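# A look at the structure
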Amino acid sequence: MADRRRPKACRPSADAEEIAVCIRDIFKSVGEFFDPDPHAERNLLIIFRNPPDCLVSCLERLGIEALETTDEKGSTRYVVIYDERSIELFLKIVKPPIPDVEPLYRKVRSYYDS
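Residues numbered from 1 in each chain as written. Predicted model: local features only at pLDDT ≥ 70, side-chain atom pairs only at ≥ 80, totals over all residues. Heavy atoms only, no water.

## Overview of the pairing of strand β1 (residues 31-34)
Residues in a regular strand point their side chains to alternate faces of the sheet. To keep it simple, the criterion reads: Three exposure classes are used, based on accessible area relative to the maximum for each residue type with a 1.4 Å probe and protein chains only: buried under 20%, partly exposed in between, and exposed over 50%. Elements are defined by DSSP. Helices are runs of H or I of four residues or more, strands are runs of E of two residues or more, and each kind is numbered from the N terminus. Strand pairing is assigned whenever DSSP detects at least two bridges linking the two strands.
The alternating pattern of β1 places G31 and F33 on a buried face, while none of E32 and F34, on the opposite face, is buried. Two strands pair when backbone bridges link them, and β1 and strand β2 (residues 45-49) are joined in this way by four bridges, in the antiparallel orientation. Bridged to G31 within β2 is F48.

This is how it looks when you write it as structure tokens:
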């Protein structure tokens, strides 16, 4: 999460390309790839921490399923993409920046190679 500025909201009524650009900006601000087990294949998670309220509906417009949840206190909201097909769509359509650290880089690239 390099850019900590508050991302602007997307318009779910926008066209798919505009939504993808907006989601990419949100990912750069409050999103990250998470690898729960570096030794397992293709078990990547994409996590957004306190994203704009529009994120889930914009992801749905692109056919990407996401889980919306909070921490135990309810003070931090998370949107998590964990389904393999949805991760593939996210990478294909949104085209987020890929981290250049191993083994995360290799794991993200494996979704492109399938």
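## Some words on the packing of aromatic side chains
Using the following cut-off: The rule is short: rings of Phe, Tyr and Trp, with Trp giving its six-membered ring, pair when the centres are within 6.5 Å, and they are stacked under 30 degrees, edge-to-face over 60, tilted in between. A ring has a charge above it when a Lys NZ or an Arg CZ is no more than 6 Å from the ring centre and no more than 35 degrees off the ring normal.
Within the structure shown, the criterion is met by four aromatic pairs. Ring pairing ties together the aromatic residues F27, F33, F48 and F90, which thus form one cluster. The side chain of R42 reaches across the aromatic face of Y111, ending 4.3 Å from its centre.

## A short note on the nonpolar core
Selection rule: Residues enter a nonpolar core if they are buried and are Ala, Val, Leu, Ile, Met, Phe, Trp, Tyr or Cys, with the set joined through side-chain atoms within 4.5 Å. Should any heavy atoms of two residues lie within 4.5 Å, those residues are considered in contact.
Core analysis: the largest hydrophobic core is formed by 29 residues, its most contacted members being I23, F48 and F90. It is helix α1 (residues 16-30) that contributes the most residues to this core, six residues altogether. Residue contacts for F48: discarding those within four places in its chain leaves I23, I26, F27, V30, G31, L55, R77, Y78, V79, I81 and F90.

## With respect to the state of the cysteines
Here a disulfide denotes a covalent bond joining the sulfur atom of one cysteine to the sulfur atom of another. Put simply, the rule is: The disulfide criterion used throughout: a pair of cysteine sulfur atoms within 2.5 Å.
The tally for this structure, following the rule as stated, stands at one disulfide. Sulfur-sulfur distance for the disulfide between C10 and C22 comes to 1.9 Å. Since a negative S-S torsion denotes a left-handed disulfide, the C10-C22 link at about -110° is left-handed. Of this pair, C10 sits in the segment before α1 while C22 sits in helix α1, and the two are 12 residues apart along the sequence. Both residues of the pair, C10 and C22, count as buried.

## A closer look at the packing of helix α3 (residues 84-94) against helix α4 (residues 104-112)
Using the following cut-off: A fitted line through C-alpha atoms represents every axis, and for helices the fit uses only the stretch in contact; the resulting angles, taken between N-to-C directions, go from 0 to 180 degrees. In this scheme, roughly parallel covers angles under 35 degrees and roughly antiparallel covers those over 145, while 65 to 115 is roughly perpendicular and the rest are oblique.
Taken N-terminus to C-terminus, the directions of α3 and α4 make an angle of 90°; their axes are 9 Å apart at the nearest point. One finds that α3 runs roughly perpendicular with respect to α4. Only V108, Y111 and Y112 of α4 make contact with α3, whose side of the interface consists of E84, I87, E88 and L91.

## Observations regarding α3
Put simply, the rule reads: Each polar contact in these results corresponds to two N or O atoms within 3.5 Å; when the atoms are within protein, one needs to be able to donate a hydrogen and the other to accept it, and residues that are neighboring in sequence are counted only if both atoms are side-chain atoms.
Residues of α3 that are buried include every one of S86, I87, L89, F90, L91 and V94, and no others. Residues of α3 that are buried sit in contact with α1, β1, β2, α2 (55-61), β4 (77-81) and α4. Two or three places before R85, at the start of α3, stands the capping residue D83, its side-chain oxygen 3.3 Å from that residue's backbone nitrogen. Just downstream of α3, K95 is the residue with a positive phi angle, here 55°.

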